[in-house]
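A look at the structure
This is what each chain is made of:
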Amino acid sequence: MDIKSLEDRFNEKIDEDVRIEPKDWMPDNYRKTLIRQISQHAHSEIVGMLPEANWISRAPTLRRKAAALAKVQDEAGHGLYLYSACETLGVERDQLLQDLHSGKAKYSSIFNYPTLTWADMGAIGWLVDGAAIMNQVPLCRASYGPYARAMVRVCKEESFHQRQGFEIMLTLCKGSEEQKKMAQDALNRWWWPSLMMFGPTDEASTHTEQSMRWGIKRFTNDELRQKFVDATKPQADLLGITIPDKDLKWNEERGHYDFGEINWEEFFNVIKGNGPCNKQRVDARKSAYDNGAWVREAAAAHAEKKSKKQAAA
Amino acid sequence: MKNWPLWEIFIRSKAGLNHKHVGSLHAADEEMAIQNARDVYTRRNEGVSIWVVKSEHITASDPDDSDPLYEPAKDKVYRHPTFYDLPDEVKHM
């Protein structure tokens, strides 16, 4: 079949909402876009373990500690689902990791901010996981089958993350004056980076239009950001803390909250590698990879020896 | 460093049901594949049994052959019970 008719068939499937599977023909750019997006997503899960890992040993109670451990372990799992989905597109796992380590591949810029207090664990669960869920739920219907299936698993597991974060915030807000201050401080620091998680505005986004056409994205960045603000404002009210945005107010006419201008200079600066923790995060990943090399080699050598023994027997 | 081989993971969610494909992972050998599958795919009681198969051992049909493979079944409606007309008096058959 010639390229033109292959392309027509592919577009027909997209229009009819039929999932694309690994062995199906797909345009090179569709494959490339998916590899970029899915690997970036996988890297975000893995790098996202780092800011929270900091607090596992410092969790205030055993209950909190067990939950933090389970959450970080989930994130490792989510990274693995996504790496596997990405590999069905014909790219090797090792290549994906090299691209993360070299800085060629990106991950969500939110993880380049430091976690200074225990309240940050609450704010991350509530806001960062909340924003991630907003992003991820529509991805369960993404046009690429393995990605959509991975997202279904991720979303099922993710809602506990947001609830445990909100519960931490609620406990702090119902606590002493000092604890409530900690919660407010965490909201102050995480609010704007959370809004940035949805990516550049629709006007500035280079990938949105094509990705929507291909059914990889179902909503634009600005649509999802608005949904997030609308959902989160009443939750902040319930906690009794204030979102750090003087322009945030209900717009009766639109039926949505209006909110202030995002500092895009900061966003692009963090993406470029100049956030507070970029270097620390990538160094941590590299050192985990390098220091784990002997384990990978030993396991491979052991497996080879065992299979030789079995063959001889 | 070469990648560890890729394994396809199948989970039986409870006794009486089929093993079902859930995804894949890398592991050095079958034993590690089962251990990793337990950690990656059954953290919330999703399974009572795990199968692991090296991905390279799976042979898949070619999507381009879909027409010759599946088309012939499409016009054989007489393979379905609803094709046969029965009087209303026959209540269950």
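One can find the structure itself at the top, above this paragraph.
Bear in mind the structure is a predicted one, so any value in this text is a computation, not a measurement.

1. Examining the overall build of chain A
Tallying secondary structure elements over chain A gives 13 helices and two strands in all. By the compact-globule yardstick of 20 Å for 313 residues, chain A fits well, its C-alpha radius of gyration being 21 Å. Viewed in the frame of its principal axes, chain A has a C-alpha envelope of about 70 × 50 × 35 Å. Looking at the 313 residues of chain A, the share that counts as buried comes to 50%.

2. Structural notes on the interface of chain A and chain B
Taken together, the contacts link 25 residues of chain A with 22 residues of chain B. Of the roughly 2,000 Å² buried at the junction of chain A and chain B (both faces included), carbon and sulfur atoms supply 47%. Contact with chain B buries surface across chain A, with Lys-23, Arg-153 and Arg-296 of chain A losing the most and accounting together for 24% of the total. Between chain A and chain B we count six salt bridges in total. Counting across the interface, chain A meets chain B through twelve residue pairs in polar contact (both at pLDDT 80 or more).

3. What to know about the packing of helix α5 (residues 93-102) of chain A against helix α12 (residues 278-291) of chain A
All names here are of chain A. One can describe the packing of α5 onto α12 by two numbers: an axis separation of 9 Å at closest approach and a directional angle of 140°. Here α5 lies oblique to α12, going by the angle between them. Where α5 crosses over α12, the two elements pack in a sense that is left-handed. Taken together, the residues of α12 that come into contact with α5 (itself represented by Asp-94, Leu-97, Gln-98, Leu-100 and His-101) are Val-282, Arg-285, Lys-286 and Tyr-289. Class assignment for the residues of the contact of α5 with α12 results in four nonpolar, two polar and three charged.

4. Thoughts on the environment of Gln-184 of chain A
Residues and elements named next belong to chain A. By the secondary structure assignment, Gln-184 is in helix α8 (residues 177-196). Sequence separation between Gln-184 and Ala-119 is 65 residues, and the spatial gap between their C-alpha atoms is 8.6 Å. With residues near it in sequence (within four places) discarded, Gln-184 still touches Ile-241 and Thr-242. Within the local environment of Gln-184, its side chain forms a polar contact with the side chain of Asn-188, the two groups lying 2.7 Å apart.

5. Considering unusual backbone geometry
A positive phi angle is found at Asp-17 of chain A, which is not glycine, with a value near 65°. Relative to the elements of secondary structure, Asp-17 of chain A occurs in the loop between α1 (3-15) and α2 (28-47). Assessed through its relative accessible area of 41%, Asp-17 of chain A is described here as partly exposed. For Asn-45 of chain B, which is not a glycine, the phi torsion comes out positive at approximately 55°. Looking at the element boundaries, Asn-45 of chain B is found in the loop between α1 (30-41) and β3 (49-54).

Cut-offs applied
Residues numbered from 1 in each chain as written. Chains lettered and ligands numbered in written order. Predicted model: local features only at pLDDT ≥ 70, side-chain atom pairs only at ≥ 80, totals over all residues. Heavy atoms only, no water. Helix = DSSP H or I, 4+ residues; strand = E, 2+ residues; numbered from the N terminus. Rg over C-alpha atoms; globule rule 2.2 N^0.38 Å. Buried < 20%, exposed > 50% of the residue type's maximum accessible area, 1.4 Å probe, protein only. Contact = heavy atoms within 4.5 Å. Buried area = accessible area lost by both parts, 1.4 Å probe. Salt bridge = Lys/Arg side-chain N within 4 Å of Asp/Glu carboxyl O. Polar contact = N/O pair within 3.5 Å; in protein donor to acceptor, adjacent residues only side chain to side chain. Axes fitted to C-alpha atoms, helices over the stretch in contact; angles between N-to-C directions. Parallel < 35°, antiparallel > 145°, perpendicular 65-115°, else oblique. Left-handed = near helix turned anticlockwise from the far one by under 90°. Nonpolar A, V, L, I, M, F, W, Y, C, P; charged D, E, K, R; others polar.

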